[in-house]
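The lines below spell out each chain.
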Amino acid sequence: MINRILLATVCLLCIDVAIAYSQPVADANDHAALGLLRLVGGDYVPGSLASTESDSGSDAQSQRLLWSHPDFAGPLDFALSTVVSAAFPPPEKNEPAKGMFVIELPRGDRVFGDILEVDDWTLSLSTDSFGIVNILRSAVRRIARWDDGASVHFVGPGPITDWTVLPEPEGWQSGGNQLQTSTSDATAFRNLKLPNSLRIEAALSWQGTPNFVLAIGVDAANSDASAASAYRVEVWDDEIVLLRELDQVADCMPLGKITDFDGQMRLTLEINQNDGHVVALSQQAEVLGEIRLPSDNYPDVRPGVRLQNLRGNVTLESLSVMRIAGQRDRQSPAQQDSLLMEDASVQLGRFIGIVDSMWVIDDGDEQYMFNPSHIVSLDFKPEQATDEAKQTRASSDLATAQLITHGGVRLSGEIRSNADGRLTLVSDVISEATVFAHEDISRINVATPERPSAAASSFILGRLEFPGGKLTGRLVDTEGQVHPTPLRFSPRGSEPVNLAASFAGRIVYRDTPKETPETAVQRRVREQREAALERANQRRGNQGGLWNAFTRAFGNNGADAVALPSPRSMHLRSGEIIPCEVASIDENGVVFASDMTEQTRLPQNQVRAIAFTMGCRDPEIEATRRDRLLTIPRVRKKNRPTHLIVAVNDDIMRCRLIKMNQKSLIVESRLEEIEISRDVVAQIIFLDDRDVDEVEQQADDADQRPADLAVRAILRNGNRMSLFARGLDASTLIGEHPLLGEAKLKLGDVDQLLIGIDINEASVDQPYGGWQLKDAPEPIIPEAGSAGDGSAVSPLVGKEAPDFRLNLLDGGNFSVAEARGQVLVLDFWATWCGPCLQAMPMIEDAVSTFDDKQVRLIAVNLQEPVEPIRGVLKRLGISPEVALDIDGVAAARYQADAIPQTVVIDREGKITHLFVGGGANFGEQLRAAIAETVEKKP
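Residues numbered from 1 in each chain as written. Predicted model: local features only at pLDDT ≥ 70, side-chain atom pairs only at ≥ 80, totals over all residues. Heavy atoms only, no water.

What about the state of the cysteines?
When the sulfur atoms of two cysteines share a covalent bond, that bond is a disulfide.
Thinking step 1. This model, assessed by the stated rule, comprises 1 disulfide.
Thinking step 2. For Cys 833, the disulfide goes to Cys 836, at an S-S distance of 2.4 Å. Negative torsions about the S-S bond denote left-handed disulfides, and the value of about 75 degrees found for Cys 833 with Cys 836 makes this one right-handed. Each member of the pair, Cys 833 as well as Cys 836, carries the same accessibility label: buried. (Disulfide = S-S within 2.5 Å. Buried < 20%, exposed > 50% of the residue type's maximum accessible area, 1.4 Å probe, protein only.)

Considering helix 12 (residues 922-935)
Thinking step 1. In this model helix 12 runs 20 Å from its N-terminal to its C-terminal C-alpha over 14 residues, within 8% of the 20 Å that 1.5 Å per residue would give.
Thinking step 2. The set of residues buried in helix 12 consists of Phe 922, Gly 923, Leu 926, Ala 929, Ile 930, Thr 933 and Val 934. The arc that holds every buried residue of helix 12, seen down its axis, measures 135 degrees, which confines them to one face. Summarising the geometry of helix 12, the exposed residues directed more than 90 degrees from the buried face are Glu 924, Glu 932 and Glu 935.
Thinking step 3. Check the buried side of helix 12 and you find it contacts strand 61 (823-829), helix 9 (834-848), strand 62 (855-862), strand 64 (901-905) and strand 65 (911-916). (Helix = DSSP H or I, 4+ residues; strand = E, 2+ residues; numbered from the N terminus. Expected span 1.5 Å × (residues − 1). Arc of directions from axis to C-beta. Contact = heavy atoms within 4.5 Å.)

Describing the packing of aromatic side chains
Thinking step 1. Scanning the entire structure with this criterion turns up 15 aromatic pairs.
Thinking step 2. Plain terms: the ring middles of Phe 72 and Phe 503 are 5.8 Å apart, the flat faces sit at 70 degrees to each other, and that makes the pair edge-to-face. Linking Phe 72 in the loop between strand 3 (64-68) and strand 4 (76-79) with Phe 503 in the loop between strand 39 (497-498) and strand 40 (505-508), this pair joins segments that are 431 residues apart in sequence.
Thinking step 3. Here Phe 101 and Trp 359 contribute two aromatic rings whose centre-to-centre distance is 5.0 Å and whose plane-to-plane angle is 40 degrees, an arrangement assigned as tilted. Taken together, the residues Phe 101 in strand 6 (residues 101-104) and Trp 359 in strand 28 (residues 358-362) connect sequence positions 258 residues apart.
Thinking step 4. An aromatic cluster is present here, built from Phe 101, Phe 351, Trp 359 and Phe 380 joined pairwise through their rings.
Thinking step 5. Geometry around Tyr 231 places Arg 244 over its ring, the cationic atom sitting 4.1 Å from the centre. (Phe/Tyr/Trp six-rings, centres within 6.5 Å; stacked < 30°, edge-to-face > 60°. Lys NZ or Arg CZ within 6 Å of the ring centre and 35° of its normal.)

Structural notes on the sheet that holds strand 64
Thinking step 1. Taking strand neighbours across the sheet as the criterion, the 5 strands line up as 63-62-61-64-65 in an open arrangement whose pairing is mixed. Taken across any chain shown, the strands that pair with only one partner, and hence form the sheet edges, are strand 63 (881-885) and strand 65. The mean inter-strand angle of the sheet, taken between neighbouring strand axes irrespective of direction, is 20 degrees.
Thinking step 2. The pairing of strand 62 with strand 63 spans 5 bridges and is classified as parallel. The residue bridging Ala 859 from the neighbouring strand is Val 882, located in strand 63. (Pairing = 2+ DSSP bridges. Axes fitted to C-alpha atoms, helices over the stretch in contact; angles between N-to-C directions.)

As for the nonpolar core
Thinking step 1. Judged by nonpolar contacts, the single largest core of 110 residues is most densely connected at Ile 143 and Ile 444.
Thinking step 2. Counting 42 residues, the second largest nonpolar core, distinct from the first, contains Val 165, Leu 267, Ile 271 and Val 314. (Core = buried A, V, L, I, M, F, W, Y, C linked by side-chain atoms within 4.5 Å.)

A few points about the pattern of salt bridges
Thinking step 1. Under the criterion given, the structure shown has 34 salt bridges.
Thinking step 2. Close ionic contact of Arg 64 with Asp 77 constitutes a salt bridge, the shortest N to O distance being 2.7 Å. With Arg 64 in strand 3 and Asp 77 in strand 4, the pair connects residues that are 13 residues apart, well separated along the chain.
Thinking step 3. When the shortest N-O distance is used, the salt bridge between Asp 337 and Arg 137 registers 3.1 Å. Here Arg 137 lies in the loop between strand 9 (131-136) and strand 10 (142-145) and Asp 337 lies in strand 26 (residues 337-341), a separation of 200 residues in the sequence. Across this residue pair, the class does not change: Asp 337 and Arg 137 are buried.
Thinking step 4. Through salt bridges with shared partners, one network takes in Arg 110, Arg 199, Glu 201 and Glu 270. (Salt bridge = Lys/Arg side-chain N within 4 Å of Asp/Glu carboxyl O.)

A word on the side chain of Thr 424
Thinking step 1. When you line up the elements, Thr 424 lands in strand 33 (residues 422-426).
Thinking step 2. Sequence-distant contacts of Thr 424, that is, excluding residues within four places in its chain, are made with Glu 414, Ile 415, Arg 416, Ser 417, Ala 433, Thr 434 and Val 435.

Describing the environment of Gly 113
Thinking step 1. Inspection of the secondary structure puts Gly 113 in strand 7 (residues 110-118).
Thinking step 2. Separated by 20 residues in sequence, Gly 113 and Val 133 place their C-alpha atoms 9.7 Å apart.
Thinking step 3. Not counting residues up to four positions away in its chain, the partners in contact with Gly 113 are Lys 98, Gly 99, Met 100, Phe 101, Leu 125, Ser 126 and Thr 127.

Some words on the pairing of strand 50 (residues 664-669)
Thinking step 1. Summarising burial for strand 50: 6 of the 6 residues are buried, a large majority.
Thinking step 2. Residues of strand 50 alternate between two faces, with Ser 664, Ile 666 and Glu 668 on one and Leu 665, Val 667 and Ser 669 on the opposite face, all of them buried.
Thinking step 3. In terms of strand pairing, strand 49 (residues 652-660) meets strand 50 through 4 bridges, oriented antiparallel. Within the sheet, the bridge partner assigned to Lys 659 lies in strand 50 and is Ile 666.

Things to note about helix 10 (residues 866-876)
Thinking step 1. Burial in helix 10 covers these residues: Ile 869, Val 872 and Leu 873. For helix 10, the angular spread of the buried residues around the axis is 100 degrees, confining them to a single face. In this structure, helix 10 carries Glu 867, Lys 874 and Arg 875 as exposed residues pointing more than 90 degrees from its buried face.
Thinking step 2. Summarising the contacts, the buried residues of helix 10 are in contact with strand 61, helix 9, strand 62 and strand 63.
Thinking step 3. Just past helix 10, the residue Gly 877 takes up positive phi, approximately 70 degrees.

Examining the sheet that holds strand 20 (residues 250-257)
Thinking step 1. Strand order in the open sheet formed by 7 strands is 12-15-24-17-18-19-20, with antiparallel pairing between adjacent strands. In this open sheet, the two edge strands, each paired with only one partner strand, are strand 12 (164-166) and strand 20. Neighbour-to-neighbour, the strand axes of this sheet turn through a mean angle of 15 degrees, independent of strand direction.

Re the confidence of the model for the protein chain
Thinking step 1. For the protein chain, the average pLDDT comes to 81, and 80% of its residues sit at 70 or higher.
Thinking step 2. The model gives residues 385-395 a pLDDT under 50, and that stretch makes 4 contacts with residues more than four places away or in other chains.
Thinking step 3. With pLDDT under 50 throughout, residues 555-566 is counted as low confidence; its partners more than four residues away or in other chains account for 18 contacts. (pLDDT = per-residue confidence, 0-100.)

Observations concerning the pairing of strand 27 (residues 346-355)
Thinking step 1. Sheet topology places strand 26 next to strand 27; 4 bridges connect them, and they run antiparallel. Paired with Leu 339 across the strands is Gln 347, a residue of strand 27.
Thinking step 2. Linking two consecutive strands that pair antiparallel, namely strand 26 and strand 27, is a turn of 4 residues; a positive phi of about 75 degrees is found at Ala 344 within it.
Thinking step 3. Note: strand 27 against strand 28, 5 bridges, orientation antiparallel. Residue pairing in the sheet places Phe 351 in a bridge with Ile 361 of strand 28.
Thinking step 4. Connecting strand 27 to the next strand, strand 28, in antiparallel fashion are 2 residues, including Asp 356 with a positive phi near 50 degrees.

Right, dumping it as structure tokens:
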């Protein structure tokens, strides 16, 4: 890498083209077919140009831009001074502008056509776009051969689907025929089949401080090595440079400081890949600098272009490639016109007229005639603008726009009218007003003497975000304007407009603080706390007994009660979080009082949770325990639990809530009614046990509602409220909730306002949304005669044995993980399973032939009460250790959907054999499997 040197500041003002001649490909983005309007302050919105109904031509109208978006009820009306640019995708069939020559003007402007005549003041041009136009001769910088765009090689950038992007397509956005990314280290590559001699024109823009690399001449494989040795435009600290690095030689040239470009750079390069020569040009075709490396070993012609965003953001607004015959000497004398012919000869002089279709050049001594069909280009002597023209431009306080057509025309001036799908532009270098049809415009760039600043507002400003767009502004009072919806938004710099019923997005008033990563110290403290809690739970579990477990968990003793704050909130299945005081619960519903709504009762099936203490949140418990809480054993399917009661010490009881009043709760747990003091209850979670038909019926009922625009407010205190909006009055949103009735929301209390939501949504992603009950799997008896060789029966063989912790029939508990060092035999069985009862004596007999310190048998009973288990063991005359899988969780982890199932686990916790069923030879097969596992070396 060459040493970076102090670079002189050079302001690069070059030509860019935003035309597209190839057929467009369907874009991956939903809004790819729309244009993209960019505004001061970084806002942007997809859509299309709108026009006024009449052509008044007033200055007030000319200094505004109307913009349509399908989800706004009317056009957005922006002050032109707030607009940065508008870009539009190309039509399906598009061709370059017609004309024999391109006439290059100040500010990068260009028009195409045939030269009719020229004198000391005017150049007359016949154009396909505007008819005959008369251009000030003093404004003409260059005339170059165009031939209806025959030398155009590529224009784009085209849709993102035509580019190879990293790290993923979602990191890039494509809209209005431009590519944009704010993802660090994102790259976009395209094989353009670049020729050896080419003229490439690119326009890039950014917000803030950029850090990108544009590499021209990358190999077809998009290799990093070829990108490193390509012609590169990149950011060095506070400057942008052009450089080329090969193995032995390198050179660079300054393009300017970042502050010189004001967030936008237009770059024109003429490149000869075979000899390593690159020339950077200004919009007047003046040489800003060049690189010619003295090397004899140049890489082959490379076809691709790569844009890499190292940090910040970058937008590739336009990219065009033209084939050129070769680079030429552009250092012509400043006091004469310079004519270049096809044979590379140059004639100096002054272009004075056209006689019999021949161009006349006067060198001061003699006049020469040239056939225009053999002319390559004519560079004009720079002429000083008149004092009158300078004064006119300096005194103008109106925003000027540069219009670019899909065919390549570029003209700058003042927009005088925008009516009936046509935009009229008045240029200070063309005598006639030029009219552009909306569908012909590829891009509008706006320049203004002074951009407006974001003034302080007494209103509540928010950031409206929707697919492909972002607008800063505020909701305004409806004042009777409620069609098609009563939500009326006023973007910064625009008049208010109502949102359409199809609108879906959100208004962000306050961003949610980003969570900071957990430090090593915080992680260690958390792990220690979780380990201590787990040990405490194990000690409590070892003591056994329903009543003892209940009193430990809930401390049903008035002397132990903790003084608690008043109730905080109620969570609904539709997503609302209502601050309220819950008075009672019974079979008729939940009775409550809230300042947010006049409703006082809700059915229980609409409630997700009730929080009685400050700071409650969705319980985070170990996955195994959560699985057991939500799994219904077969013996309890007719008496299903309905609630989880969470104590102030975080213990949880699964039960049926019968009723609740101001003092206590009456619950049923395992057919026993228990009274719990309300003071020790932190939360009640309503278990979701609705069947599919009920959910689908609710969805059908929701679809039958009118197409009102529903919103959901996420409030500063963490609560949520949804409603069908009816209007806004003094920054208070008024509406109706289908269950709660009339509701009001003060925007000052809102962090985010979600718009266009399904108000009946019951997403598991919302708080308390994941407590869905499930039935334990019903074990089945395998077909008669099935037995034995388990190594082919289950994919579990050879893998780590799933862990579980179950209570034992005779007290204590058993854990697979804690039995490491022994060979385990797990027998999954049930008292109603005949083959299980036939196999159990064979299993106990096979295990008994081994040392009980080496081999341990655990008979895992599936979802049965204690009494029938003891009776069956006594009748069979066997006494294995029995683990009680009352919820069927252990059986599910071992995929024991057919019983009997017998699993052999080695000392290291790996499954070595798995048998399903029994049979006459099962005992010998199991004994051999155990012996093989015992003899297995670690």
